[in-house]
Amino acid sequence: MSYQPVLISGGIAGWRFLQRTYDAQAQSFSSSAARNRESSYFMEKIGQVKTAEDLVSDRRLLQVALGAFGLEDDLNNTYFVRKILEDGTTSSDALANKLSDKRYREFSKAFGLGPGEVRTTGLVTFMEDIVAKNEAAGFEQAIGEQDETMRIALYAQHELKALAEDRSSDNAKWFSLMGVPPLRKMMETALGLPSGLGRIDIDQQLEIFEDKLQALTGSSKVSQFTDPEMLDKVTIAYLARSQINSQSLAASAAQNALTLLGNLR
């Protein structure tokens, strides 16, 4: 039986507990026999992958490859995934470059199977990084089976920091953030923004995000999240608002049930 992560509660208290026990719990999760078999198989076989077709035709390899980028839901979409890999990322017409979810671009780029790219499947250190990412993502997924809010918070700890450290302009960082569903959901919730915000003009969205973040942290820049204190501040805001929203929904559902029962009398 695989290791099941322990959460004592949701919200901020649960998050602090998870932070304190993260290393020990993640190690126990990764050390399970099933995870070890998965990682060993990937490292044994990935060097033989020369084309996108090679990768998508081996379900066990593909599961690790996609899982490393949080794209495990595409495991059965083999034609789509093969196209992402075959197109690569060097051309503006590549499918990965056209998608709003930037995780597909990172996925394609990681294996170098597109035109003019350097194939990395034979480079051990690169593939070890994929395995490590898959193990971290697998632990986050297991956390998400108990509390999706916690999973998003964990994901943001490394991805928001990585985005902040990127050398692109701050506007480009914002647009990348808005194109990654877990990061966008976290930021919308933390800043008290409606999920329908994505239906308005992208430049207007940027302005709203910047204004709201400025009000929360004192800075409108994504680059501030290289500072652990700023990352913690937005994470706590996200968890607090998520808990409030959840309680409000539960109270509303209870009230609706009471109203219905009253009408039946």
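Here goes a summary of the coordinates provided. Because the structure is predicted, anything quoted here is derived from the model rather than measured.

**What to know about the pattern of salt bridges**
Next up, step 1: This structure, assessed with the given rule, holds 10 salt bridges.
Next up, step 2: Salt-bridge contacts for Asp87 lead to Lys83; the nearest nitrogen and oxygen are separated by 3.2 Å. A residue pair is termed a helical-turn pair when its members lie 3 or 4 positions apart in one helix, as Asp87 and Lys83 do in helix H5 (residues 78-87) at 4 residues.
Next up, step 3: The residue Lys161 makes a salt bridge to Glu165 at a minimum N-O spacing of 2.6 Å. Residue Lys161 and its partner Glu165 are both found in helix H9 (residues 148-165); the two are separated by 4 residues, about one turn of the helix.
Next up, step 4: What makes Glu165 partly exposed here is its relative accessible area of 46%.

**Observations concerning the packing of helix H1 (residues 11-30) against H9**
Next up, step 1: Contact geometry of H1 with H9 gives a least axis separation of 11 Å together with a crossing angle of 50 degrees. With respect to each other, H1 and H9 are oriented oblique. Crossing hand, H1 versus H9: right-handed. Across from Gly11, Gly14, Trp15, Leu18 and Tyr22 in H1, the residues of H9 making contact are Met150, Ala153, Leu154 and Gln157.

What counts, and where the lines are drawn
- Residues numbered from 1 in each chain as written.
- Predicted model: local features only at pLDDT ≥ 70, side-chain atom pairs only at ≥ 80, totals over all residues.
- Heavy atoms only, no water.
- Salt bridge = Lys/Arg side-chain N within 4 Å of Asp/Glu carboxyl O.
- Helix = DSSP H or I, 4+ residues; strand = E, 2+ residues; numbered from the N terminus.
- Buried < 20%, exposed > 50% of the residue type's maximum accessible area, 1.4 Å probe, protein only.
- Axes fitted to C-alpha atoms, helices over the stretch in contact; angles between N-to-C directions.
- Parallel < 35°, antiparallel > 145°, perpendicular 65-115°, else oblique.
- Left-handed = near helix turned anticlockwise from the far one by under 90°.
- Contact = heavy atoms within 4.5 Å.

Note that all results are geometric; they support no functional claim without further evidence.
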